[in-house]
Amino acid sequence: MMDMDLVFGLFVVGLPLFMLAFAWAMGVWISNRHEADLAQRELAVAHILVHNTGRLQDAVTGSQPPVMITSEVTLGVDHFRGFLGQWKSLFGGQVRSYQMVLDRARREVVMRMLEQTNAMGYNAVANLRIDFADISGSALARRKAADISVLASGTAYYVATKS
Amino acid sequence: MIVVNTESIPGYHVTSVLGIVQGNVVRAKHVGRDLAASLKNIVGGELKGYTELLTESRRTAIERMLSQAQELQADAIVNVRFSTSAVTQGAAELYVYGTAVKIEPIVQASTVS
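Please read all numbers here as calculations on a predicted model, not as lab measurements. (Residues numbered from 1 in each chain as written. Chains lettered and ligands numbered in written order. Predicted model: local features only at pLDDT ≥ 70, side-chain atom pairs only at ≥ 80, totals over all residues. Heavy atoms only, no water.)

Caption draft 1: How the structure looks around the pattern of salt bridges. Going through the model one piece at a time under the given rule, you end up with nine salt bridges over all chains. Where A:Arg112 meets B:Glu46, a salt bridge forms, and the shortest distance between an N and an O atom there is 2.8 Å. Pair noted here: A:Arg112 is in helix 3 (residues 96–119) and B:Glu46 is in strand 3 (residues 45–46), and the two residues belong to different chains. Counted as one network, the salt bridges with shared partners bring together A:Asp37, A:Arg41, A:Glu108, A:Arg112, A:Glu115 and B:Glu46. (Salt bridge = Lys/Arg side-chain N within 4 Å of Asp/Glu carboxyl O. Helix = DSSP H or I, 4+ residues; strand = E, 2+ residues; numbered from the N terminus.)

Right, dumping it as structure tokens:
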């Protein structure tokens with residue numbers, strides 16, 4: 001009978017711990033892979049001029065008129081980081097685990113915009129705007145782990161290349 | 001139709017402003033997507049279902065804005081902005097608005113002389 005209690009006790013304590021450890025390991029793996037992926041993709045679009053001013057400096061009229069480009073991404077915060085974030089909010093202070101996810105989401109959404117711009121043959125993006133969308137109704141407050149939705153928009157155009 | 005989120009369009013100048021055009025859409029996620037997302041959320045990473053939902057909503061909102069602009073016989077929409085609001089739990093509104101204008105291509109001075 002003692003053994004049964006021990007097994008049950010280990011199960012009750014062990015399962016949540018195992019889930020947290022699993023979420024932590026997978027979360028680290030996913031975010032590292034994403035960051036490596038971003039670093040590589042950033043090289044391919046490094047030549048594109050991006051700014052968030054409305055004036056189109058040095059714009060030249062190419063074969064097609066400027067066009068608005070939009071992109072969006074939703075990232076989930078893994079349960080381990082969500083747990084850390086909750087713990088942190090007891091005492092206040094910087095929540096680094098969330099900051100990192102937000103940062104990745106923004107990089108990803110801008111990357112998608114630049115890739116579209118590149119694919120369409122433009123070489124500059126003006127008036128870049130980045131918004132945060134709350135698609136699940138106050139996700140950060142209500143749930144343990146949040147979804148982070150980021151929307152970006154901008155205007156792709158041609159810029160005179162210095163040569 | 002030229003749609004940009006800047007105030008001016010290189011190569012064109014605005015001849016008349018027709019007014020604000022807008023489009024909105026309220027979309028909810030279906031339960032299947034919610035379930036898949038909540039599983040993916042354990043480990044983090046991209047929630048593709050929600051990304052698609054946003055892409056579709058944005059497309060619908062832009063289409064509605066475009067049809068309004070077509071009714072006004074506009075040539076372009078400038079200064080387009082997006083905003084989102086959480087209506088209730090599990091539903092979100094995507095709102096897009098811009099200024100419908102008439103435009104004309106700029107005749108380059110260098111080609112005249």
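Caption draft 2: Spatial organisation of helix 2 (residues 48–71) of chain B. Residue and element names in this part refer to chain B. Helix length check: helix 2 (24 residues) gives 35 Å between terminal C-alpha atoms against 34 Å at 1.5 Å per residue, within 8%. Of all the residues in helix 2, the buried ones are Tyr 50, Thr 51, Leu 53, Leu 54, Ser 57, Arg 58, Ala 61, Ile 62, Met 65 and Ala 69. A positive phi of about 60 degrees marks Gln 73, the residue just after helix 2. (Expected span 1.5 Å × (residues − 1). Buried < 20%, exposed > 50% of the residue type's maximum accessible area, 1.4 Å probe, protein only.)

Caption draft 3: Spatial organisation of the environment of A:Gly82. Residue and element names in this part refer to chain A. One can find Gly 82 in helix 2 (residues 79–91). Using a relative accessible area of 0% as the deciding quantity, one classes Gly 82 as buried. For Gly 82 and Val 95, which are 13 residues apart along the polypeptide, the C-alpha to C-alpha distance reads 9.9 Å.

Caption draft 4: Broad picture of the side chain of A:Ser71. For A:Ser71, the position within the fold is in strand 2 (residues 67–76). Judged by relative accessible area, A:Ser71 falls into the buried class, the value being 2%. A polar contact is formed between the side chain of A:Ser71 and the backbone oxygen of A:Val109, at a distance of 2.8 Å. If we ignore the near neighbours within four places in the chain, the residues touching A:Ser71 are A:Val109, A:Arg112, A:Met113, A:Gln116, A:Val150, A:Leu151, A:Ala152 and B:Arg58. (Polar contact = N/O pair within 3.5 Å; in protein donor to acceptor, adjacent residues only side chain to side chain. Contact = heavy atoms within 4.5 Å.)

Caption draft 5: How the structure looks around the environment of B:Gly23. Residues and elements named next belong to chain B. By the element assignment, Gly 23 lies in strand 2 (residues 12–28). Along the chain, Gly 23 and Tyr 95 lie 72 residues apart, while their C-alpha atoms are 6.0 Å from each other. Setting aside chain neighbours within four positions, we find Gly 23 in contact with Ala 61, Arg 64, Met 65, Leu 94, Tyr 95 and Val 96.

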